Amino acid sequence: MPARQCPFCGKSVSNVHRQCPYCRETLPEVPNVHAAQPQWSNAQAHRKVRQGMLYMLLAGLIYYFVGGYGSPFQLPVAFQPIVSQFLIPLLFLAGIGLALYGYYMKKSHA
Ligand SMILES: [Zn+2]
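The structure reproduced in this document is the subject of the present report. Because the structure is predicted, anything quoted here is derived from the model rather than measured.

## Let's talk about the overall build of the chain
Here's step 1: Looking only at helices and strands, one finds two helices and two strands in the chain.
Here's step 2: For the chain, the sequential pattern of α-helices and β-strands runs β-β-α-α.
Here's step 3: Every one of the 110 residues in the chain was classed for burial, and the buried ones make up 15%.
Here's step 4: Counting contacts in the chain only where the partners sit at least 6 residues apart, residues at least 24 apart contribute 44% of the total.
Here's step 5: Split by element, the accessible area of the chain, about 8,600 Å² in all, is 63% carbon and sulfur.

As structure tokens, then:
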């Protein structure tokens with residue numbers, strides 16, 4: 001049985017008591033950890049979704065120019081194949097993950 005200390009007399013009291021059996025003072029409520037609300041707000045969730053969308057858009061934009069599709073506007077530097085084959089898809093997937101996480105945050109908060 002979990003016990004706590006009475007804030008008035010200092011003796012150890014069981015959690016089930018609402019009143020101290022020694023000094024008869026009313027004990028304050030024990031905060032319920034399981035009923036705690038999530039720590040994020042709706043605005044934070046919206047920000048995460050927006051960030052995820054931005055990363056996806058950025059990945060698409062980088063892929064467009066690195067892949068040589070922006071024909072009149074060629075980039076003056078050559079990129080390693082790892083950039084277009086691994087890093088840009090990774091950025092895109094990270095953006096999807098962040099957007100889904102933000103969406104999940106929004107849904108679980110409501
Ligand atoms: Zn007491």
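## Looking at the packing of aromatic side chains
Here's step 1: With the rule as written, the count across this model stands at one aromatic pair.
Here's step 2: Ring centres of Tyr 64 and Phe 65 lie 5.3 Å apart, and the angle between their planes is 85°; on these two criteria the pair is classed as edge-to-face.
Here's step 3: Judged by its relative accessible area of 41%, Tyr 64 falls in the partly exposed class.
Here's step 4: Residue Phe 65 is classed as partly exposed on the basis of its relative accessible area of 29%.

## Thoughts on the coordination of the zinc ion
Here's step 1: Around the zinc ion, the protein supplies Cys 6 (SG), Cys 9 (SG), Cys 20 (SG) and Cys 23 (SG) as donor atoms, at distances of 2.2 to 2.3 Å.
Here's step 2: Metal-centred angles of 103 to 115° between the four donor atoms at the zinc ion mark the site as tetrahedral.
Here's step 3: The sequence pattern describing where the donors of the zinc ion fall on their chain is C-x2-C-x10-C-x2-C.

## A short note on the pattern of salt bridges
Here's step 1: Counting across every chain of the model gives one salt bridge.
Here's step 2: Linking Arg 18 and Glu 29 is a salt bridge whose minimum nitrogen-to-oxygen distance equals 2.5 Å. Here Glu 29 lies in the loop between β2 (12-14) and α1 (42-66) and Arg 18 lies in the loop between β2 and α1, a separation of 11 residues in the sequence.
Here's step 3: Note on Arg 18: relative accessible area 59%, which makes it exposed.

## Things to note about the environment of Ala 59
Here's step 1: Mapping Ala 59 onto the fold places it in helix α1.
Here's step 2: Among the residues examined, Ala 59 registers a relative accessible area of 2% and is labelled buried.
Here's step 3: With 29 residues separating them along the chain, Ala 59 and Ile 88 place their C-alpha atoms 5.5 Å apart.
Here's step 4: Setting aside chain neighbours within four positions, we find Ala 59 in contact with Ile 88, Leu 91 and Phe 92.

Thresholds applied
Residues numbered from 1 in each chain as written. Predicted model: local features only at pLDDT ≥ 70, side-chain atom pairs only at ≥ 80, totals over all residues. Heavy atoms only, no water. Helix = DSSP H or I, 4+ residues; strand = E, 2+ residues; numbered from the N terminus. Buried < 20%, exposed > 50% of the residue type's maximum accessible area, 1.4 Å probe, protein only. Contact = heavy atoms within 4.5 Å. Areas by Shrake-Rupley, 256 points an atom, 1.4 Å probe, with all protein chains shown as cover. Phe/Tyr/Trp six-rings, centres within 6.5 Å; stacked < 30°, edge-to-face > 60°. Donors = N, O, S within 2.8 Å, 3.2 Å for Na, K, Ca; no water. Tetrahedral: all angles 85-135°; square planar, octahedral: opposite > 155°, others 65-115°. Salt bridge = Lys/Arg side-chain N within 4 Å of Asp/Glu carboxyl O.

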